[in-house]
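Here's the letter readout for the chains.
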Amino acid sequence: MDHLPIFLNLQQRRCLIVGGGAVALRKAELLRQAGAQITLLATELHPQLLSWHEAGTIERWLPYAAKDFADLLNERINTFVLVIAATDDAVINQTVHDVAQAANIPVNVVDQPALCSFIFPSIIDRSPVIIAASTGGRAPVLARLLREKLEGLIPQHYGKLATLAGALRAQIKQALPDITVRRRFWEQLLRSPYADQLMQTNSVDAKHIAENLLTHYTGENHQHTANKMGGEVYLVGAGPGDPELLTFRALRLMQQADVVLYDKLVSDEVLNLVRRDAEKIFVGKTQGCHSKPQSEINRLLVEYAQQGKRVCRLKGGDPFIFGRGGEELQSLVAAKVRFQVVPGITAATACAAYAGIPLTHRDHAQSLIFVTGHLREDGEFILNGSLDWQTLSKPQQTVVFYMGLKNLAQITEQLRAHGMPDVMPIAIVENGTRVNQRVISGTLANIVQQTENNDASQPSLIIIGEVAALHESLQWFVPELIENSV
């Protein structure tokens, strides 16, 4: 993050605005809404600012002469908790920045990010719910467009809902001392039809509705301890790396999980979407190096669920395609633990799409085969001990090898030995769908040398078949352009 988003309590606290024009007026309006005591340092005032000053809304107005400005500012700067420069005078603005910085007071010089220790976001106000959107000062119009979208998505009555929740917070904390149970109560209350009722009715009736739900929640027939309620496991496909490829359901379950067990292939961008206070446990595996054996992962899933926690097992791609999700579910079934499965976009379809390679094409491929590229310790490919190379070498099909880069030489050797022509196109998609995606193209005869020349690395997907040659004409994803546009 370029900036840490925080919310300042400015109620009855003194803030300084240098300038008295239209820009100063906009900033003064924000500070007034936040309850600040405003001092204006300006040679003259916008009529609205003057009206506010005369009405006592602006605490004081200090006119100044340019030659005395620095002395006046230095004399008073330590009486303020926040300073804004809103003038069109570069010398004045620089002086405000320098004096405030020397005094360790947050300062904003309007439209000059280099002179700001804090910036103003675009604000969606549903007080006490406040949502801020920012582009770090790089694209204010984009921030405004984001605000417009959010304004239409967030009901006006959410502030009322937050106020009610605040009024009930102590009562509910006392009634539900277990933090896990209490969190689930709030989620049930705020996600259920009750929330709509609470927003549409008066405060007394709304409180009555919430208290009735609390009574039901803590009643004798309700399982209100974490262990009695029982946990649940969410087996979630995180997709290939691009967070925009997550499903809505995946995101929702990631946001409500208490514990998250995640793999090496889960990107940082996806992991950042997990609930921030969730316990995150890395259980990634790479060929020949397992941070935790599968049996230990299975045990952790059962153990956390039996503690009454909601456990998200987050896997790169799809959990049922070379993700060992079936084995994990078998352990949950044996332990009688509830679970859900959320499919993800598997690497084959995602990487091929982002590389401009249609996995099937009526002119080139009428079938599609997914294969694991791992080897056993004895050198044999896994899949009942060996692979049917004769079938994999047939024409008019596409073969996709997962996790096969390390064994590319053996793969190409076997395919050539079983009749696949040397000119068969092959594409290696490295870091598919991510901003550092790279595609290395070649043929069965030269792809090993191509990967060595280009220093290919994991994670990579191998696509073999005539469709791989379509990459050159159909590629559309240009990572450099995507990265530079963010």
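Rules and cut-offs
Residues numbered from 1 in each chain as written. Predicted model: local features only at pLDDT ≥ 70, side-chain atom pairs only at ≥ 80, totals over all residues. Heavy atoms only, no water. Helix = DSSP H or I, 4+ residues; strand = E, 2+ residues; numbered from the N terminus. Buried < 20%, exposed > 50% of the residue type's maximum accessible area, 1.4 Å probe, protein only. Contact = heavy atoms within 4.5 Å. Areas by Shrake-Rupley, 256 points an atom, 1.4 Å probe, with all protein chains shown as cover. Pairing = 2+ DSSP bridges. Axes fitted to C-alpha atoms, helices over the stretch in contact; angles between N-to-C directions. Core = buried A, V, L, I, M, F, W, Y, C linked by side-chain atoms within 4.5 Å. Salt bridge = Lys/Arg side-chain N within 4 Å of Asp/Glu carboxyl O. Phe/Tyr/Trp six-rings, centres within 6.5 Å; stacked < 30°, edge-to-face > 60°. Polar contact = N/O pair within 3.5 Å; in protein donor to acceptor, adjacent residues only side chain to side chain. pLDDT = per-residue confidence, 0-100. Parallel < 35°, antiparallel > 145°, perpendicular 65-115°, else oblique. Left-handed = near helix turned anticlockwise from the far one by under 90°. Nonpolar A, V, L, I, M, F, W, Y, C, P; charged D, E, K, R; others polar.

1. What to know about the overall build of the protein
Scanning the protein for helices and strands turns up 20 helices and 19 strands. Within the protein, the proportion of its 486 residues that are buried is 44%. Considering only contacts within the protein whose residues lie at least 6 apart along the sequence, 63% involve residues at least 24 apart. Carbon and sulfur atoms provide 52% of the accessible area of the protein, an area that totals close to 25600 Å².

2. Details of the sheet that holds strand β17 (residues 425–430)
What the 5 strands build is an open sheet, ordered β15-β16-β19-β17-β18; its pairing is mixed. Either end of the sheet is taken by a strand with one partner, and the two such strands are β15 (368–372) and β18 (438–443). The average angle at which neighbouring strand axes cross in this sheet is 20 degrees, direction not considered. The pairing of β17 with β18 spans 6 bridges and is classified as antiparallel. Residue Ile428 lies in a different strand from β18, and its bridge partner there is Ile440.

3. Looking at the nonpolar core
In this structure, Leu41, Phe69, Leu73, Val83 and Val96 are the most contacted members of the largest nonpolar core, which totals 21 residues. Elements represented by at least two residues in this core include exactly β1 (14–18), α3 (69–76), β4 (82–85), α4 (90–102) and β5 (107–109). Here this core gets 4 residues from one element, more than from any other, and that element is α4. Ignoring anything within four residues of it in the chain, the contact list for Val83 reads Leu16, Ile77, Val96, Ile105, Pro106, Val107, Asn108 and Phe118.

4. Side note on the environment of Gly344
If you trace the backbone, Gly344 turns up in the loop between β14 (338–342) and α15 (347–354). When the C-alpha positions of Gly344 and Leu246 are compared, they lie 7.0 Å apart, and in sequence the two are 98 residues distant. Not counting residues up to four positions away in its chain, the partners in contact with Gly344 are Gly237, Gly317, Asp318 and Pro319.

5. As for the sheet that holds strand β2 (residues 37–41)
Across the sheet, 5 strands lie side by side as β3-β2-β1-β4-β5; this open sheet has parallel pairing. Edge strands, defined here as strands with exactly one partner in the open sheet, are β3 (60–62) and β5. Sheet twist, expressed as the mean angle between neighbouring strand axes with direction ignored, is 15 degrees. Note that β4 and β5 share 3 bridges and pair parallel. What sits directly across from Ile84, in β5, is Asn108. Its contacts with the sheet put α3 on β1, β2 and β3, and the angle it makes with β2 is roughly 160 degrees.

6. Focus on the pattern of salt bridges
A complete count under the given rule lists 21 salt bridges for this structure. Where Arg313 meets Asp263, a salt bridge forms, and the shortest distance between an N and an O atom there is 2.9 Å. Within this pair, whereas Arg313 is found in strand β13 (residues 310–315), its partner Asp263 is found in the loop between β9 (259–262) and α12 (268–271), the two being separated by 50 residues in sequence. This pair shows no difference in class: Arg313 is buried, exactly as Asp263 is.

7. Concerning the packing of aromatic side chains
According to the stated counting rule, one finds 10 aromatic pairs in the structure shown. Arranged with centres 5.8 Å apart and planes meeting at 65 degrees, the rings of Phe370 and Tyr402 form a pair that is edge-to-face. Remark: Tyr402 occurs in strand β16 (residues 398–402) and Phe370 occurs in strand β15; sequence separation between them is 32 residues. Residue Tyr402 is classed as buried on the basis of its relative accessible area, which comes to 7%. Ring centres of Trp476 and Phe477 lie 5.6 Å apart, and the angle between their planes is 65 degrees; on these two criteria the pair is classed as edge-to-face.

8. What to know about the side chain of Thr135
Within the secondary structure, Thr135 is located in the loop between β7 (129–133) and α5 (140–153). Side-chain polar atoms of Thr135 contact the backbone nitrogen of Ala139, separated by 2.9 Å. When neighbours within four sequence positions are excluded, Thr135 is seen to be in contact with Pro140, Leu142 and Ala143.

9. A word on the confidence of the model for the protein
This prediction gives the protein a mean pLDDT of 87; 88% of its residues lie at or above 70. Confidence scores differ between elements of the protein, with helix α10 (residues 226–229) showing the lowest mean pLDDT of 47 and β4 the highest of 97. Predicted confidence is poor over residues 220–228, with pLDDT under 50, and the contacts of this stretch with residues over four places away or in other chains come to 18 contacts.

10. Points about the packing of helix α13 (residues 294–306) against helix α14 (residues 325–334)
With their axes 9 Å apart at the nearest point, α13 and α14 run at an angle of 45 degrees to one another. Of the possible angle classes, the one that applies to α13 and α14 is oblique. Here the hand of the crossing between α13 and α14 comes out right-handed. From α13, Gln294, Ile297, Asn298, Leu301 and Val302 reach across to α14, where they touch Glu327, Glu328, Ser331 and Leu332. For the contact of α13 with α14, the class distribution of residues is 4 nonpolar, 3 polar and 2 charged.

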